[in-house]
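So the chains spell out like this:
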Amino acid sequence: MADCEQPADDSADDSAGDSERNRRSFFAILAGGLTLLAPLGAGICAFLSPLFRRVRSPMVRVALLSQVPADGKPHSFPVVTDWRDAWNHYPQKKIGAVYLIRQPGGELPIAFTAKCPHAGCAIGYSAADEKFKCPCHTSVFNIDGSRARGDQEVAPRGMDALEVTLNSLEPEVEGGDPVTEILVKFIDYQTGHIQKKPIA
Amino acid sequence: MKKLANNLVAWLDIRTGFRDVLREALYERVPGGARWRYVWGSTLVVAFVTQLITGIFLWMAYSPSTQTAWESVFFIQHEMEGGWLLRGIHHFMAQAMIVLLAIHFVQVVWDGAYRAPRELNFILGLVLMLIVLGLSLTGYLLPWDQKGYWATNVGTELASQAPLAGGAIRKLVVGGTSYGHHTLTRFFALHAGVLPGALIAFLALHLYLFRRHGLTVKDPKAGPDAMFWPDQMLKDSVAALGVLAAVVGLTVYYGGAELTAPADPANNYAAARPEWYFLFLFQFLKWFKGEAEVWGAFIIPGMITGGLFLMPWIGRYKVGHFFNVVFLFFLLGGAAFLTAQAIHDDTMAGTAEATFEDLKRDGLADTPKNMQAFVASHDFLKAKADAHHDAERVIAIAKSEHGIPPTGALTLVYNDPYLQGPQLFKKNCAVCHNFVDSENLDRRLADLVNKKPTAPNLYGVGSRRWIAAILDPEQIVGPDYFGYPGSPFVGAGDSTDMVDFVERCFSEELKPVDRQKIEVAMQKIAVALSAEAQLPSQRAADVSDQQTIAEGRALMQGGLAELIESGESCTDCHMFDQGQDVGSADLYDGTPILDGYMSRQWLIDFIRNPADQRFYGDNNDRMPAFAPHADVRLNRLDDKSLGLIVDWLRGDWYQPDP
């Protein structure tokens, strides 16, 4: 059967036939390739779309100044802000946590993100020995955010401090004391590096 | 009938040639006879087919989005008939596959089955192994529970540290800049589409090459040759059945696969760990300080994996083969050691209830390092127990007539006073107040114990017992009520009227008969006043004790004055049951109104501003006003948190039927 369907004898072809066949092969591959590439290209394009997304680092109100005692100890506050996830808009969603520390006598608190600079787990605070501890790979930080064991720590750098600003709000009642709120720039930093670089 | 069947088979064979294919597939010669040691590859195929079958049925019920993933898995696990079994088989078979892969791999290396001409098939096997590991990684996230979410979070965070394109890789895997819907859709597409598709393709090539080169036989003269069908097939089937039995056994033993609480990006889960077969990588990372992390996460694992791909060429020489075998056992031994170390680190405290005393008893409290390890382990076990507890709670609500709202199960978590109350109380109230049931210590509430309270113990606030204690001359001056350190209500304080009054009622000159009368009266008052709170736990009692309540109210409004020498009753100082007649409110400034005492609205208003005229007025010397402003931005507590704290204090939350 197969023998009968052999094309005409090759040796009879002249060079013109050769180039003709080459051209046909070329267009066959081109057409077939294009047919496959178009859907694949569209798919890859959509697949790569996250690369064009940029991280937003909103200024978030995390607490009132009166909520952070000036005791030099960390106090944890949730970060609540408007949030968009793909097609959903979440008004006032909890997206993370920060520690605020106010030194005795001081006004402006310092803020640390709870995200560990080692591998991104959420750091806890242990009041018993006044240390920040990451529950994943044993990172320990001092109360000022520095690494407890210095370079012997698995974390490459201390806890990431966040920019803090205070904002005074006028109460609606005349003569009432103004209320101060604490705003924090909630930046997501890259883990695993000595330098503190925001995720783009 | 038989003839018809034969004709049909012949008709099909002429048109498809399937008999040749079948013969080719089944009548493979097994030199030296069928052996049990040849079953491992087949068990892996059967395991994969099991995953395909269970996976497709799970797919029919699973919905990948942040509001539906946990919810649909919950539904599979707890509502669909046999769902727990289906999910359990899928879960435990995935783990069995890892074990079978290890056995298969060791056997191939041990037997030198990677030597020419089988190099390519060995490489295909390694690719298949990586695909299976990829399936495990992607599958772990899909239930979108705390366990999978936080463990995978660490995984993608590490991916972002990959040299060169780490950040881009993380974004592509996560489907954006942070975890969300597209993380799930991508992981699901990988888990249920791309990776199984690739696995099928590579498995086909793997089997094709296996057939092309045949079995690697150690001892062809062990016995007479046999055929794959039925001799080896029988052994393979029995082995596969054994694997399935083990998997079903584990599923039944554990009641199916675990589903922890819904993923909560804002709730630190302090027990994030990968699945047990990745624990060695997790533990390995603890060895690398600072920026050396990239070595532990990428370079060394990458080099080892690369080394595995070279095995067929290293193994061409006798010494090379020996090296391969030693290397493999070194790797497996190392992984086993690291796994054991990780498990030991996490569980050395024993239980979440363990204390330092246990550590001392075990003679381990001698070094600071041990103490730290103990604390870390204790925190891990506690986080795990808490997550388990939270999961049970959410599942109980989800199973109730409340169901899960369209916004997802996280809404149930956020709106549940039982889950949120302790956290809010700890943050806002526990600095001053204690919350402890002296008769029944609850480990979960141990955090809320304030050893140096400067305000009353709020456990059971508003209950008959709590109010009766305030009307008891001994208890009212105790630390749980008005006798805490620095209290203005006792001794030389500014507001001793209440304590003085209670002590006057029970003056020591009383005859026992009169004393008893006053005790009975105080009990009735406690019942009446507690009824104002409308506590859910006392609903039935409040209805059945109508008579006592009426008597108690009468006592509060003057009845008591007739019993005690000083001729006073509650309404001499407190406003109570005066309807709209608040013209004389000034008279009561500084004493709490008793209408609706400790009811939901009373407590909310009180916490909003305790210095309000209806409450302590100018007598309030310590408690902050948590929400006095109409503009919510000015308040320390938002209305929702306020409601949750109050509901929790009052024990007002959904309780499943026992």
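Residues numbered from 1 in each chain as written. Chains lettered and ligands numbered in written order. Predicted model: local features only at pLDDT ≥ 70, side-chain atom pairs only at ≥ 80, totals over all residues. Heavy atoms only, no water.

Undergrad: Would you explain the overall build of chain B in this entry?
TA: Of regular secondary structure, chain B possesses 24 helices and two strands. On C-alpha atoms alone, chain B measures out to a radius of gyration of 35 Å, which is more than a quarter above the 26 Å that the 2.2 N^0.38 rule sets for 658 residues. With the principal axes as the frame, chain B shows a C-alpha extent of 110 × 70 × 50 Å. Within chain B, the proportion of its 658 residues that are buried is 46%. Within chain B, contacts between residues separated by at least 24 positions form 67% of all contacts whose residues are at least 6 apart in sequence. With an accessible surface of roughly 32,800 Å², chain B has 62% of that area assigned to carbon and sulfur atoms. Both charge centroids of chain B, one from 55 positive and one from 71 negative side chains, sit 17 Å from each other. (Helix = DSSP H or I, 4+ residues; strand = E, 2+ residues; numbered from the N terminus. Rg over C-alpha atoms; globule rule 2.2 N^0.38 Å. Buried < 20%, exposed > 50% of the residue type's maximum accessible area, 1.4 Å probe, protein only. Contact = heavy atoms within 4.5 Å. Areas by Shrake-Rupley, 256 points an atom, 1.4 Å probe, with all protein chains shown as cover. Lys, Arg positive; Asp, Glu negative; His and termini not counted. Charge placed at Lys NZ, Arg CZ, Asp CG, Glu CD.)

Undergrad: Can you help me understand the interface of chain A and chain B in this one?
TA: Where interface size is given, it is often the accessible area lost as the parts come together that is meant. With 53 residues of chain A in contact, the opposing surface of chain B contributes 46 residues. For the pair chain A and chain B, the two sides together bury roughly 4,200 Å², of which 55% comes from carbon and sulfur. Run the count over chain A and chain B and you get one salt bridge. The partner of Lys115(A) in a salt bridge is Glu157(B), and the shortest N-O contact between them spans 3.4 Å. (Buried area = accessible area lost by both parts, 1.4 Å probe. Salt bridge = Lys/Arg side-chain N within 4 Å of Asp/Glu carboxyl O.)

Undergrad: Any chance you could explain unusual backbone geometry here in plain terms?
TA: Outside of glycine, negative phi angles account for most residues, and trans bonds account for most peptide bonds. All names here are of chain B. In this structure, Pro117 follows Ala116 across a cis peptide bond, with omega equal to 5 degrees. Tracing the chain through its elements places Pro117 in the loop between helix H5 (83-110) and helix H6 (119-141). You will see that Leu164, though not glycine, has its phi angle at about 70 degrees, which is positive. For Leu164, the position within the fold is in the loop between helix H7 (146-159) and helix H8 (166-174).

Undergrad: Just to check I follow, could you spell out helix H22 (residues 546-556) of chain B for this structure?
TA: Since one α-helical turn is 3.6 residues long, residues separated by three or four positions face the same way. All names here are of chain B. Regarding H22, the residues found buried are Ile549, Gly552, Leu555 and Met556. Down the axis of H22, the sector holding all buried residues measures 120 degrees, keeping them to one side. On its buried side, H22 packs onto helix H20 (512-533) and helix H21 (539-544). The positive-phi residue at the C-terminal boundary of H22 is Gly558, with phi of around 125 degrees. (Arc of directions from axis to C-beta.)

Honestly, that's just the spatial picture; any functional story needs more than this.
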